[in-house]
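# Descriptive analysis of the structure
Each chain is listed here by its residues.
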Protein chains: 2
Amino acid sequence: MLDSAIVLFRERGVAATSLRDVVAHSGAPRGSIYHHFPGGKQELASEATRRAGDSIARLFTRLVASADPAAAVDRLVDHWSGVLLDSDFASTCPVAAAALAPDDTDGARVAAGVAFEQWEDLLAGALRERGATPGEAADRAALVVSAIEGALLVSRARRTDAPLRAVGRELVRQLA
Amino acid sequence: MLDSAIVLFRERGVAATSLRDVVAHSGAPRGSIYHHFPGGKQELASEATRRAGDSIARLFTRLVASADPAAAVDRLVDHWSGVLLDSDFASTCPVAAAALAPDDTDGARVAAGVAFEQWEDLLAGALRERGATPGEAADRAALVVSAIEGALLVSRARRTDAPLRAVGRELVRQLA
DNA sequence: GGGCGGTTATGACGATCGTCATAGTCGTCG
DNA sequence: CGACGACTATGACGATCGTCATAACCGCCC
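Criteria and thresholds
Residues numbered from 1 in each chain as written. Chains lettered and ligands numbered in written order. Predicted model: local features only at pLDDT ≥ 70, side-chain atom pairs only at ≥ 80, totals over all residues. Heavy atoms only, no water. Helix = DSSP H or I, 4+ residues; strand = E, 2+ residues; numbered from the N terminus. Areas by Shrake-Rupley, 256 points an atom, 1.4 Å probe, with all protein chains shown as cover. UniProt positions renumbered as here; feature names shortened; annotations may be inferred. Near = heavy atom within 4 Å. Polar contact = N/O pair within 3.5 Å; in protein donor to acceptor, adjacent residues only side chain to side chain. Least-squares fit on C-alpha atoms with pLDDT ≥ 70 in both. Contact = heavy atoms within 4.5 Å. Core = buried A, V, L, I, M, F, W, Y, C linked by side-chain atoms within 4.5 Å. Buried < 20%, exposed > 50% of the residue type's maximum accessible area, 1.4 Å probe, protein only. Nonpolar A, V, L, I, M, F, W, Y, C, P; charged D, E, K, R; others polar. Buried area = accessible area lost by both parts, 1.4 Å probe. Salt bridge = Lys/Arg side-chain N within 4 Å of Asp/Glu carboxyl O.

- The name that an unreviewed UniProt entry assigns to chain A is TetR family transcriptional regulator, with the source organism given as Nocardioides albidus.

### Let's talk about the overall build of chain A
- Scanning chain A from terminus to terminus reveals nine helices and zero strands.
- The dimensions of chain A, computed from C-alpha atoms along their principal axes, are 55 × 30 × 30 Å.
- Carbon and sulfur atoms make up 50% of the accessible area of chain A, which amounts to about 7,200 Å² in all.

### Comments concerning the environment of Val7 of chain A
- Relative to the assigned elements, Val7 of chain A resides in helix α1 (residues 2-12).
- A C-alpha to C-alpha distance of 9.4 Å links Val7 of chain A and Thr92 of chain A, two positions 85 residues apart in sequence.

### Focus on the UniProt feature "DNA-binding region" (unreviewed entry) in chain A
- UniProt's feature table lists "DNA-binding region" (unreviewed entry) at residues 18-37 of chain A, given in the numbering used throughout.
- Secondary structure content for residues 18-37 of chain A is 60% helix and 0% strand, and the end C-alpha separation is 14 Å.

### Considering the UniProt feature "domain: HTH tetR-type" (unreviewed entry) in chain A
- Residues annotated in UniProt with the feature "domain: HTH tetR-type" (unreviewed entry) correspond here to residues 1-55 of chain A.
- This span, residues 1-55 of chain A, is 69% helix and 0% strand, and a straight line between its end C-alpha atoms measures 16 Å.

### Topic: the protein's contact with DNA strand D
- With respect to spatial proximity, 14 residues lie near DNA strand D, and among them Arg20 and Tyr34 of chain A together with Pro29, Arg30 and His35 of chain B are the closest.
- For DNA strand D, the fraction of protein-proximal atoms (within 4 Å) that sit in sugar or phosphate groups is 57%.
- Separating a base nitrogen of DNA strand D from a side-chain N or O atom of Arg20 of chain A is a distance of 2.7 Å.
- Contact between DNA strand D and Tyr34 of chain A: a phosphate oxygen at 2.5 Å from a side-chain N or O atom of the residue.

### Let's talk about the relation of the copies chain B and chain A
- Its rotation angle being 180°, the transformation that places chain B on chain A also includes 0.0 Å of axial translation and leaves an RMSD of 0.0 Å. Within this description, the copies of the chain are treated as partners about a two-fold rotation axis.
- Interface overlap between copies: 100% of the residues of chain B at the interface are likewise at the interface in chain A, consistent with a symmetric, same-surface contact.

### Comments concerning the nonpolar core
- In this structure, Phe116 and Trp119 of chain A together with Phe116 and Trp119 of chain B are the most contacted members of the largest nonpolar core, which totals 118 residues.
- Once residues lying within four places of it in the same chain are set aside, the contact partners of Phe116 of chain A are Val95, Ala96, Ala99, Val145 and Glu149 of chain A together with Leu153, Val154, Ala157 and Arg158 of chain B.

### Looking at the protein's contact with DNA strand C
- With respect to spatial proximity, 14 residues lie near DNA strand C, and among them Pro29, Arg30 and His35 of chain A together with Arg20 and Tyr34 of chain B are the closest.
- Restricting attention to atoms of DNA strand C within 4 Å of the protein, one finds that 55% of them are sugar or phosphate atoms.
- At 3.1 Å, a side-chain N or O of His36 of chain A approaches a phosphate oxygen of DNA strand C.
- Contact between DNA strand C and Tyr34 of chain B: a phosphate oxygen at 2.6 Å from a side-chain N or O atom of the residue.
- When residues of the surface near DNA strand C are traced back to their parent elements, those giving at least two are α3 (33-36) of chain A together with α2 (19-26) of chain B.
- Tallied by class, residues from the surface near DNA strand C come to three nonpolar, seven polar and four charged.

### Thoughts on the interface of chain B and chain A
- The interface of chain B with chain A comprises 39 residues on the first partner and 39 residues on the second.
- Interface area for chain B against chain A, summed over the two sides, is near 3,300 Å², with a carbon-plus-sulfur share of 63%.
- On inspection of chain B and its partner chain A, the count reaches 10 salt bridges.
- Linking Arg140 of chain B and Glu170 of chain A is a salt bridge whose minimum nitrogen-to-oxygen distance equals 3.4 Å.
- For the pair chain B and chain A, the interface holds 14 residue pairs in polar contact (both at pLDDT 80 or more).
- Counting only elements with at least two residues in the side of chain B that touches chain A, the list comes to α6 (94-99), α7 (106-129), α8 (134-158) and α9 (162-175) of chain B.

### Things to note about the side chain of Glu149 of chain A
- Relative to the helices and strands, Glu149 of chain A resides in helix α8 (residues 134-158).
- Here Glu149 of chain A is in contact with Cys93, Ala96, Phe116 and Trp119 of chain A together with Gly150 of chain B, once residues within four sequence places are set aside.

The structure is reproduced here in structure tokens:
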């Protein structure tokens, strides 16, 4: 059910996804939404965002552990490019969708903020291990996260992964 | 009316903004929506996005004409930081909101794509004038646009302009 | 086997959505 | 002055939204 919510949030955004869509997509029983999520849509959106954020954080962890930052960014760009192309530019980052959620689901917004902070901290830690000063590491980590999130947005709108790839090239050039 | 739509799209996103909200906010007569916008919400969202995109393109033009790229990015960051703080992190980029619009308003999405492309071209032109090769200029322009859009998203979610400022510092460092 | 708590089925509620039809107002031009 | 066009007021329509109440189901423990 949470996974279905994530899929739909990615494709349509939080506001445009109804609980009926979620249960229909997941095959879950409609009557039990408020049994598992007494807080209604707000709670479901928050937990889905938290789950998605954690999942991407694990991806970040794997990447920075297995390669230097520049190569990690490269693989990250490949990953998102594949997501965009496979979905015909319908699917974007679920956390970005949550970040732009309307007021009645602002729990998802704070979950998105937590996720972004977590990602930045992960990257900043890896950069510090490679000799960057704390200030540099924090700024560069913020740039990487923001640039990739923004590139996903721009690439979706333009229906080409060119912006994402360009951003990847520039980030790698700078991190190398 | 278009301006009211832009304001509301910025705060709530396209999907969560109803036509009734728009007319109420603008004071415009409700009965005349389909007189001025026969295409309904789709047309209104598309035109509003186009209008907003052009407005920001003019801002870009002014900035790159009056300063070198690094200083222009600096002023751009100041501008958006002011927008975020003044609105208590409610207002973001209207074109980003359009980029994540749901399927039934995908006209706004293509308008967002056009706007992004326009901004990138403007910046790339300025960078080429300063001696960058076309490839470099295009990649860097894409990075600037994506990074700032992403930073707005992240800053909204985290309710602090720190990510935006960090991204600004890194971009300036790189462009200098 | 009998009860019982956790889960599901079903459908209703008020609200709100996009859309549109119809009837009115109002300025302008002949 | 009268008619005609552009614009507005009002309210209805079907659909869909989030939410919840109520009744049925089902597996497990005594």
